[in-house]
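Chain by chain, the residues:
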Amino acid sequence: MKDTFQFIYGVFTVLFALLVGIYFAGFYPCHLHFHEQFQLFLCSADYAREVTGVPGGLADYLARFLTQGMRVPWLGGVVMAALLTAWVPLTQKGMERKEGEPWRWAFGFVPALVALAAYCDEHVMPAAAVSILITLIADRGMACLNSAPLRQILALFVIPIIYMAAGPLALVYVILRIAAERRLWFAGLALLIGVLCTLLSQYVFPYPLSHLARGLHYYRYPAVFPTAAWVMAGATLAVILAGRWIPRLQSSPRRWTAVAGGTLVGLLTVGTAAAFCNTSREELLAYDYLTYRHDWNGILRKATQKQPDWSLSVTSLNLALAEAGQLGDYQFRFFQRSTEGMLPAFTREYLLPLTTAEVFYQLGMINTAQRYTFEAQEAIPDGQKSARCYQRLAETALINGDYPVARKYLNALKKTLFYRGWAQRRLDLIQDEEALTRHPEYGYLRRVKPSEDYLFSDQEMDSMLGRLFWGHKENRMAFEYLLGYCLLKKDLPRFYECYPLGKELGYTHIPRSYQEALLLMWTQQHDSYQGMPWSIDGTNAQRMVEFIRDYHAQRSAEYMKQRYGDTYWYYYAFE
Amino acid sequence: MKMNRLKYPCLLLMAGSLWACTQPVKNAVQSADYPDIYPDYVGVTVPSQIAPLNFDLRSEEDEEALVDVTLRGARGGEMHTQSRGGTDLNESDWKDLLRRNAGDSLQVTVSVKREARGWTTYRSFGIHIDTDSIDPLLAYRRIAPGYEVYSRMGIYERDLTSYDERAVLESTQVEGCVNCHAFNRGNPNRLSLHIRGEHGATLLRMDDQMEVYNTATPKTLGLCVYPYWHPEGRYIAYSTNQTRQGFHIGQKKRLEVFDLASDVLVYDTQAHELIVCDALSQDSIWETFPAFSADGKSLYFCSAQAQPIPARVKEVRYNLCRIPFDPATGQFGHRVDTLVNAVSEGKSVSFPRPSFDGRWLMYTLSDYGNFSIWHPEADLWLLDVQSGACRALDEVNSADTESYHTWSTDSRWVAFSSRRDDGLYTRIYLAHMDKEGRMTKPFMLPQRRPKTYYSHLFQSYNIPEFTTAPVELDKVKASGLIRGTERKELNVRNVSVLDKIVSSSNE
């Protein structure tokens, strides 16, 4: 009978792990990428010493190690499944569950389900879960000791160690031990040691007491109280303590109740994931991830399924269109967010500047890409470095010929698990100047990067793009960004001025957006198409006539959007 | 049983013997070249208290090569070390050797065993040990060489006699950027420290007292930065700058920092007032980087003709000027001397730092602007205060940026930052200056494993300042004060001398 129950519980625990793994790997992988991209885990003793040397440091170190796996979706799913599933037996053991009690068994999943909900927020750090697991393991370890005096003394003695390993969430351990020992002197001493650890740590570690007391590594933003971590801890404590004190059912459990308990867990897992899943955030992060991977077709596929509307996603889309040679034709088939959806102004944060940096990089504005990347990395709220940023900083230094600096970043990346091969290939390139010049990406960017020096000005982006193209007329992307930028600014005279620059670029037809802009300009000054010097597609010319007619008829905005939402005219008149 | 009891001590002994065992340098090929070591310590001059100058072979291929080093003192004593990739000098042996040979030199012989080639013995080089002592500590800021955004950074203090470094104050403690730190002639109890960001303030430590100020007033341009203490400790000269940044599109320079306006003013710590002199706060002139002379009777500063920014940013050039100052009254004199007319040479002066013996003044010279740290052409220059002659310090300059610099309290040692290592991350170099103003070849701040340390360090050092004792700052109190909302406001006292001013050029 006992085996049967164990089998049923085992099956449902595996099912829980599978559901969690599939959810994160299949439906939420970009949240995991996000974690991975904004850290730089180095396999070195110095790094280990640095990370573990503060309260909660061991948990943070282990979490950072696990986070590396989130680069690969299935591995990220495994990591999350392992973290959350490990919670379950620890909670159930803490409840001192009598074997075969299905409802108590199912109740033991609650903290893991709370954690599942919490980790739908990409800023809740894996270190929070690891910290709680450390406290639970420590508690279980203590529970194994039979000699009460030895256990109690040891339990007090290890509080500072657990505080150093897990940070202030060591409180979970303290409370569980107090509840287990049920001695007033023990409770008083345990709380005193816990409070002293926190108070004294402000004199040892370079953080204010408020930060040390709420935890340094539980949330990405140190200035924000890590509510999710403390809710996870509270849920764990509540479930364990309630599980211990709720009276046991007298009747013997039946198999169906075990299956029903397991099914309930499964349903709650799916329900929690569905309820807390932030799909719009996942979509935004997906654009960032696809941009990082240079998966331009992926971006176009995604945009075709659902129009992007955030600065970051629209910027990614415009970049993908340019890379696919479709910017001139299809830019206004998609929603456009002014110039902020093409070359967003610099903001002191770490996500959007990286996408913008990618645009500047692909354009050949290497120094600007370098600056945006550097600043993005510095803006990572918890002060971590980023492997992704190191990659780009190494590349920009490589293109600029700053080999000592490139080597510095690459040597750091060589100390990682997932980037060492990439770094070694670039280090080999440094040794071979000719190979670097021939390199399809770096060689090309070296050729097209600005040869003259002037100061960056986001107020004069069109001038900078013009100078960029004028300096290297093979840089078709610079030309298309220049015209696209003028169109987004609704600066038709500037567009008209720059349009002839593309004469030598080998276009087989005038791209559709340009045709629409030219038609718009022409019709603003002429009553008919007679004498129009450009070979405009007849359908476009006819649609322009219809647009003007409907516009003057003051048709509703909804009607105009439905009919002309894919044209530059609509953007010009209504966006 | 007996055997078992002896097993572990024997194993330990064997391991110890193996550890202690060194390979003899046999059949070595003699090379006429100096060894290619990092940092370059060939022919440097060091103080006798300095931490061991450990070095590594520069080439990555030599990381596993066996390095045999013998150091022989001209006055006796010898040290020998053998390890992989570089040296691992024993601190106590090193100190004994330096003490014994102070005023003379060490002869360093490096032999390298590479698997494929066997031993090579390189040309020996000397390390001169000067008898002039150096202050025991050096404070500096470490920060990523970024643009506008900053991550974790702080003010740190390095014990020059060992490798110990400890934090004075870090950004995580104050949730802001800590910068512009200045001690009064190496006195760690007199500290002015500026904090930028949400909790922006100026922290002033006067012996046992610690207070935070809001140095911006309605009558001045903004917050007070670039502090310099008066030798008597009553006054602190600051500049107040409306600073902006520009970013180069071309490759050689990354960043341009320039002012839209700037003035120099003096804070009277006793009267709690800012002394604003009209001669140092003219609209058409930008004054910045103040520094009191060694006797405290004059104030050096950099001065440029205002230009339209950013259009003519490359035409902003600063001269080095001096105005008399009366510490008894806090009054300025009526004569402004131009000590270095860099503008006429198409150059620009920044960071003037007079030696504490009053004999010299070191400054940075670049093509334009005042934030020379981002100018690869920036070099250190020396002004002879007595004769007015100035010269480039070719002994210490490199092809890359030399910028922030500071004097030891006895004016015999100089610490400065340079980007020569990799072109981006500034490192600290130390060099000796004799009474005639001649400098020795600079050496990089020693580290236990220099190659590993510096290659892993993704921060720049800036604003080095010698201190004579450790900075005992109550960090918890400082953090509380800075993160709190209370700020002492400052009064402003206007001093007018402009209508009486006599300008002269001392070229």
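This text follows the structure it describes.
For the structure given in this document, a descriptive report is provided here. The structure presented is a predicted model; accordingly, all values stated were derived computationally and were not measured.

**Quick notes on the overall build of chain B**
Assigned secondary structure in chain B consists of five helices and 37 strands. Relative to a compact globule of 507 residues, whose C-alpha radius of gyration would be 23 Å, chain B shows 25 Å and is just as compact. Seen through its C-alpha atoms, chain B measures out along the principal axes to roughly 90 × 55 × 45 Å. Looking at chain B as a whole, 59% of its 507 residues are labelled buried. Considering only contacts within chain B whose residues lie at least 6 apart along the sequence, 59% involve residues at least 24 apart. Here chain B displays about 20,300 Å² of accessible surface, and carbon together with sulfur accounts for 49% of that area. Side-chain charges of chain B comprise 57 positive and 66 negative groups, with the mean position of each set lying 4 Å from the other.

**Side note on unusual backbone geometry**
Residues and elements named next belong to chain B. With an omega dihedral of -5°, the bond running from Tyr 38 to Pro 39 counts as a cis peptide bond. Along the chain, the position of Pro 39 falls in the loop between strand S2 (37-38) and strand S3 (45-47). Following Ile 309, the chain continues to Pro 310 via a peptide bond in cis, the omega torsion being 5°. If you trace the backbone, Pro 310 turns up in the loop between strand S22 (298-305) and strand S23 (318-326). For Cys 180, which is not a glycine, the phi torsion comes out positive at approximately 45°. Tracing the backbone shows Cys 180 in strand S13 (residues 177-184). A relative accessible area of 8% means that Cys 180 is categorised as buried. Its identity is not glycine, yet His 272 carries a phi of approximately 55°, on the positive side. Mapped onto the elements of the fold, His 272 is located in the loop between strand S19 (255-268) and strand S20 (273-277). Looking at His 272, the relative accessible area reads 30%, which means it is partly exposed.

**Considerations on helix H5 (residues 475-483) of chain B**
Residues and elements named next belong to chain B. Listing the buried residues of H5 in full gives Ala 478, Ser 479 and Ile 482. The buried residues of H5 occupy an angular sector of 100° when the element is viewed end-on, so they sit on one face. In this fold, the buried residues of H5 make contact with strand S12 (165-170), helix H3 (171-174), strand S14 (187-196), strand S15 (201-206) and strand S16 (209-214). With a side-chain oxygen lying 3.3 Å from the backbone nitrogen of Val 476, the N-terminal cap of H5 falls on Asp 474.

**Here we look at the nonpolar core**
Residue and element names in this part refer to chain A. Leu 343, Phe 360, Leu 363, Tyr 409, Phe 456, Tyr 481 and Phe 495 are the most contacted members of the largest nonpolar core, which totals 154 residues. Here this core gets 10 residues from one element, more than from any other, and that element is helix H28 (residues 476-488). Residues within four places of Leu 363 in sequence aside, it is in contact with Leu 343, Val 448, Leu 465, Leu 468, Asn 475, Met 477, Ala 478 and Tyr 481. In this structure, Trp 105, Cys 120, Leu 133 and Val 265 belong to the second largest nonpolar core, which totals 81 residues.

**Focus: the packing of aromatic side chains**
Aromatic ring pairs are defined here through the distance separating the ring centres and the angle between the ring planes. Under the criterion given, the structure shown has 56 aromatic pairs over all chains. Measuring from ring centre to ring centre gives 4.8 Å for Phe 332 of chain A and Tyr 568 of chain A, while their planes differ by 65°; the resulting arrangement is edge-to-face. One end of the pair, Phe 332 of chain A, is in the loop between helix H19 (327-330) and helix H20 (352-363); the other, Tyr 568 of chain A, is in helix H33 (residues 568-574), and 236 residues separate them in sequence. Considered together, Phe 332 of chain A and Tyr 568 of chain A belong to a single accessibility category, that of buried residues. Ring geometry for Tyr 390 of chain A and Tyr 409 of chain A: centres 5.1 Å apart, planes at 75°, overall edge-to-face. Of this pair, Tyr 390 of chain A sits in helix H22 (residues 387-400) while Tyr 409 of chain A sits in helix H23 (residues 403-413), and the two are 19 residues apart along the sequence. Relative accessible area serves as the criterion here: at 2%, Tyr 409 of chain A is assigned to the buried category. Taken together, the ring pairs in this structure connect Phe 469, Phe 479, Phe 495, Tyr 499, Tyr 507 and Tyr 514 of chain A into an aromatic cluster. We note Arg 420 of chain B situated over the ring of Tyr 429 of chain B; from NZ or CZ to the ring centre the distance is 4.6 Å.

**What about the side chain of Arg 214 of chain A?**
Looking at the element boundaries, Arg 214 of chain A is found in helix H13 (residues 209-214). Buried within the structure, Arg 214 of chain A lacks any salt-bridge partner; Glu 175 of chain B is the closest side chain of opposite charge, at an N-O distance of 5.0 Å. Among the polar contacts listed, one links the side chain of Arg 214 of chain A to the side chain of His 211 of chain A, at a separation of 3.0 Å. In contact with Arg 214 of chain A, other than residues within four places in its own chain, are Pro 168, Pro 222, Ala 223, Val 224, Phe 225, Pro 226 and Trp 230 of chain A.

Procedures and definitions
- Residues numbered from 1 in each chain as written.
- Chains lettered and ligands numbered in written order.
- Predicted model: local features only at pLDDT ≥ 70, side-chain atom pairs only at ≥ 80, totals over all residues.
- Heavy atoms only, no water.
- Helix = DSSP H or I, 4+ residues; strand = E, 2+ residues; numbered from the N terminus.
- Rg over C-alpha atoms; globule rule 2.2 N^0.38 Å.
- Buried < 20%, exposed > 50% of the residue type's maximum accessible area, 1.4 Å probe, protein only.
- Contact = heavy atoms within 4.5 Å.
- Areas by Shrake-Rupley, 256 points an atom, 1.4 Å probe, with all protein chains shown as cover.
- Lys, Arg positive; Asp, Glu negative; His and termini not counted.
- Charge placed at Lys NZ, Arg CZ, Asp CG, Glu CD.
- Arc of directions from axis to C-beta.
- Polar contact = N/O pair within 3.5 Å; in protein donor to acceptor, adjacent residues only side chain to side chain.
- Core = buried A, V, L, I, M, F, W, Y, C linked by side-chain atoms within 4.5 Å.
- Phe/Tyr/Trp six-rings, centres within 6.5 Å; stacked < 30°, edge-to-face > 60°.
- Lys NZ or Arg CZ within 6 Å of the ring centre and 35° of its normal.
- Salt bridge = Lys/Arg side-chain N within 4 Å of Asp/Glu carboxyl O.

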